[in-house]
Amino acid sequence: MADPLTIMAISTVVSTVAGVGSQVAATSAANAASKNQQNILDRKEESQREALTENTKRLQANKTRQLAQLRASQAAGGFSENSGTSLAVFGDVESRVDEEINENTNRALDALGNIANQKKNLQFGDKVRKTAGRIKIVSTLIGGATQFGKGYAANYDRTKSDPFKIFKQS
């Protein structure tokens, strides 16, 4: 049967290695989850940009269509679209549609800004997690060494013999 100090040393090493391994695994899992979330945000950002482009095109086409209908209606009624009330109506319609385009663009840009902020937060979290993981590993190693030292001291106090005397020169 192995002596108590050998058992203590083995259990301390196994416990420390397991603690370091679990920290490395937890950090790897968190990094993978972060990377996945960043990929989702990249796709969301790309979709948002495409939607912004398409919506702007659609609203511009709608504006052109509404203004063309107004011109045709005014022309059919015998109004000149270059002066007076007809010009004011034309300007109001154009203004209203331009405001709608601006509102949609602002909403899309806000969404893109939120996505960019989320990505920055994830990247910051990655840096914090990397540092915290290293600190946790060092802490685990120090804790293992401390536990071994306590066990060694307790064994020495109990047996009054140094189990490492075989490594010392006489």
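Presented here is an overview of the structure given in this document. Because the structure is predicted, anything quoted here is derived from the model rather than measured. (Residues numbered from 1 in each chain as written. Predicted model: local features only at pLDDT ≥ 70, side-chain atom pairs only at ≥ 80, totals over all residues. Heavy atoms only, no water.)

**Comments concerning the overall build of the protein chain**
Short version of the rule: Numbering of helices and strands starts at the N terminus; helices are DSSP runs of H or I of at least 4 residues and strands are runs of E of at least 2. Exposure classes here rest on a 1.4 Å probe applied to the protein chains alone. A residue is buried below 20% of its type maximum, exposed above 50%, and partly exposed in between. In what follows, residue pairs with any heavy atoms lying within 4.5 Å of each other are defined as contacts. Here the accessible surface of atoms and residues is derived via Shrake-Rupley with a 1.4 Å probe, and residues count as covered only by protein chains that are part of the display.
For the protein chain, the count of helices and strands is two helices and zero strands. Taking all 170 residues of the protein chain together, 20% fall into the buried category. In the protein chain, the proportion of contacts linking residues at least 24 apart, taken out of those at least 6 apart, comes to 77%. If you sum the accessible surface of the protein chain, you get close to 11,800 Å²; carbon and sulfur atoms cover 58% of it.

**Description of the pattern of salt bridges**
Side chains bearing opposite charge may pair, as long as their charged atoms lie close to each other. Note the following rule: Counted as salt bridges are all cases of a side-chain nitrogen of Lys or Arg within 4 Å of a carboxyl oxygen of Asp or Glu.
Taken as a whole and judged by the stated rule, the model has seven salt bridges. Among the ionic pairs, Glu-54 bridges to Lys-57, the shortest N-O distance being 4.0 Å. Note that Glu-54 and Lys-57 are positioned in helix H1 (residues 4-76) at a spacing of three residues, about one turn of the helix. Classification of Glu-54 as partly exposed rests on a relative accessible area of 48%. Among the residues examined, Lys-57 registers a relative accessible area of 52% and is labelled exposed. Lys-63 is the partner of Asp-98 in a salt bridge, and the nearest nitrogen-oxygen pair spans 2.7 Å. Here Asp-98, found in helix H2 (residues 84-159), pairs with Lys-63, found in helix H1; they are 35 residues apart in sequence, far enough to count as distant. On the basis of relative accessible area, Lys-63 is assigned to the buried category, the value being 13%. Taken together, the salt bridges that share partners define one network made up of Asp-42, Glu-45, Arg-49 and Lys-119.

**Details of the environment of Arg-134**
Examined against the element boundaries, Arg-134 turns out to sit in helix H2. Under the relative-accessibility criterion, Arg-134 is labelled exposed at 52%. In this structure the C-alpha to C-alpha distance between Arg-134 and Thr-27, which are 107 residues apart in sequence, comes to 9.4 Å.

**Thoughts on the side chain of Ser-34**
Mapped onto the fold, Ser-34 is located in helix H1. When sequence neighbours within four positions are dropped, the list of residues in contact with Ser-34 reads Leu-122, Asp-126 and Arg-129.

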